[in-house]
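Tertiary structure, described
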Amino acid sequence: MHLPSRRAGVRLTLLYGTLFVASGAVLLALTYLLVARFPGDRLLVDGADPGAGVGRSGGGLPGAQTAARSGDVIGRLQEQAVSQHADQLRQVLVQSGVALAVMLAVSAVLGRLVARRALRPLRAMTGTIRRISAYTLHERLAVQGPADELKEFADTVDRLLGRLEAALDSHRRFVADAAHELRTPLTLGHALLEETLVDRDATAETFRANSERLLALSERQARLLESLLALAGSHRGLAQREALDLAAVVEWALHVSRPEIERRGLRVETVIGPAPVLGDQALVQRLVSGLVDNAVGHNAPGGRVEIATGDRDGRAVVSVANTGDRVAPEQVDRLFEPIRWTGRTGGDGHPGLGLSILHAIALAHDAVISARARPEGGLVVEVTFPRWS
């Protein structure tokens, strides 16, 4: 947030000062117009009675002369009144100009005071935001006061800081867990190589066995790195979208997983219906194959995998359920965190990323992924996509 308070203060000072001066000018103009509209030649005439001398004279020439003299006096008085009224208007105009000049100075001072008071909360919020860093994201503006625009702005910034803090904490946990997950196969590989070099009686079979174990560790690490790259790529959004059918993607994923399904003796039950979506084919395939791999890899021997695709309330849905160990309800939400799967971290050969990759891919497609534990054991994971037609 960058708020040049001095420039904003000058602009507000000019705005408030202009409003004050304009209001004073309008008030003085109205006063001048009201004074100017008052007829100055009626100041004395309204109180005079031109025929009064005629009534007292009783008729004849003296009365006429008196009336003539009275008319001359009244005329001179009217001229004098008009002249005085003009002088008064000039004085009012001059005094109004002086008052307006004084008002201009007063308006500048008042405008500056009002501007400083209006910008004081923003300066306080700006100072707090500048002090907040990656190590102090827990701080908040916590503005108290009436629910006005400034309070709403401060609350919005606080919510943004909360989201940033949660994202940074998640990133830190992910980096730490990923580092631990990557360090494990490296440590095992180093131990195998050291064991082979130290053993003076090692035979070709020993070397071959250790090499096979190293190859398995290398493949596991490659899968983990691939998963991490997919997770990072899905957060950047989709570069391209194309029309897909989840039914076809499910059939492809089952074909790929068929050897592992047969090796574990699992039974697959499918209810496949059309479910057209718009998305990235490689990421959608990874999403569906991840659902199937999790259902197969975390299943009970001789268990069951249930897969369904179709349309529900105008959205395309794919659902994958499996039998297996019971999952505590409080652990279900943690399944979407990186390097999590009911307390296991890839010890069975699967990358220990849980459902975080699938969650990220779903978000990139504006889809919603959810999981729930089955009372008899196992898990049901469902993804709903915006339907495309």
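Residues numbered from 1 in each chain as written. Predicted model: local features only at pLDDT ≥ 70, side-chain atom pairs only at ≥ 80, totals over all residues. Heavy atoms only, no water.

This brings us to the overall build of the protein. Counting secondary structure elements, the protein contains nine helices and seven strands. Considering only contacts within the protein whose residues lie at least 6 apart along the sequence, 74% involve residues at least 24 apart. Carbon and sulfur atoms make up 58% of the accessible area of the protein, which totals about 23,800 Å². (Helix = DSSP H or I, 4+ residues; strand = E, 2+ residues; numbered from the N terminus. Contact = heavy atoms within 4.5 Å. Areas by Shrake-Rupley, 256 points an atom, 1.4 Å probe, with all protein chains shown as cover.)

It is worth spelling out the pattern of salt bridges at this point. Tallying each qualifying case throughout the model produces eleven salt bridges. The closest approach of N and O atoms between R263 and E260, which form a salt bridge, is 2.7 Å. Remark: E260 and R263 occur in helix α6 (residues 246-264); sequence separation between them is three residues, near one turn of the helix. Put simply, R387 and D311 hold a salt bridge, and the shortest N to O gap is 2.9 Å. Placement of the pair is R387 in the segment after β7 (379-386) and D311 in strand β4 (residues 304-312), with a sequence separation of 76 residues. Residue classification places R387 among the partly exposed residues on the basis of a relative accessible area of 36%. Salt bridges here are not isolated pairs; linked through shared partners, they connect R304, E306, R374 and E376. (Salt bridge = Lys/Arg side-chain N within 4 Å of Asp/Glu carboxyl O. Buried < 20%, exposed > 50% of the residue type's maximum accessible area, 1.4 Å probe, protein only.)

The strand order across the open sheet formed by five strands is β2-β4-β5-β7-β6, and the pairing between neighbours is mixed. Pairing within the sheet leaves two strands with one partner each, and these edge strands are β2 (267-271) and β6 (368-373). For this sheet, the mean inter-axis angle between neighbouring strands, taken without regard to orientation, is 15°. Of the strand pairs in this sheet, β2 and β4 are connected by five bridges, and their pairing is parallel. Across the sheet, residue R267 finds its bridge partner in β4, namely R304. In this fold helix α7 (residues 281-297) packs onto β4, β5 (315-322) and β7, with an angle of close to 20° to the strand it touches most, β5. (Pairing = 2+ DSSP bridges. Axes fitted to C-alpha atoms, helices over the stretch in contact; angles between N-to-C directions.)

Moving on to α6. Between the first and last C-alpha of α6 there are 25 Å, a value that for 19 residues agrees with the 27 Å anticipated at 1.5 Å per step. Along its length, α6 shows its largest kink, about 55°, at S257, and proline P259 lies within four residues downstream of that point. Considered for burial, the residues of α6 that qualify are L246, A247, V249, V250, A253, L254, S257 and I261. Its side-chain oxygen 3.0 Å from the backbone nitrogen of A247, D245 forms the N-cap of α6. Positive backbone phi, approximately 65°, marks G265, located one or two places after α6. (Expected span 1.5 Å × (residues − 1). Bend = angle between axes of the 7 residues up to and from the residue. Polar contact = N/O pair within 3.5 Å; in protein donor to acceptor, adjacent residues only side chain to side chain.)

So, about the side chain of T309. Tracing the sequence through the fold places T309 in strand β4. Owing to a relative accessible area of 9%, T309 belongs among the buried residues under this scheme. In this structure the side chain of T309 is engaged in a polar contact, spanning 2.9 Å, whose partner is the backbone oxygen of G273. T309 has contacts with L246, A247, V250, V271, I272, G273, A275, V317 and V318, leaving out every residue within four places of it along the chain.

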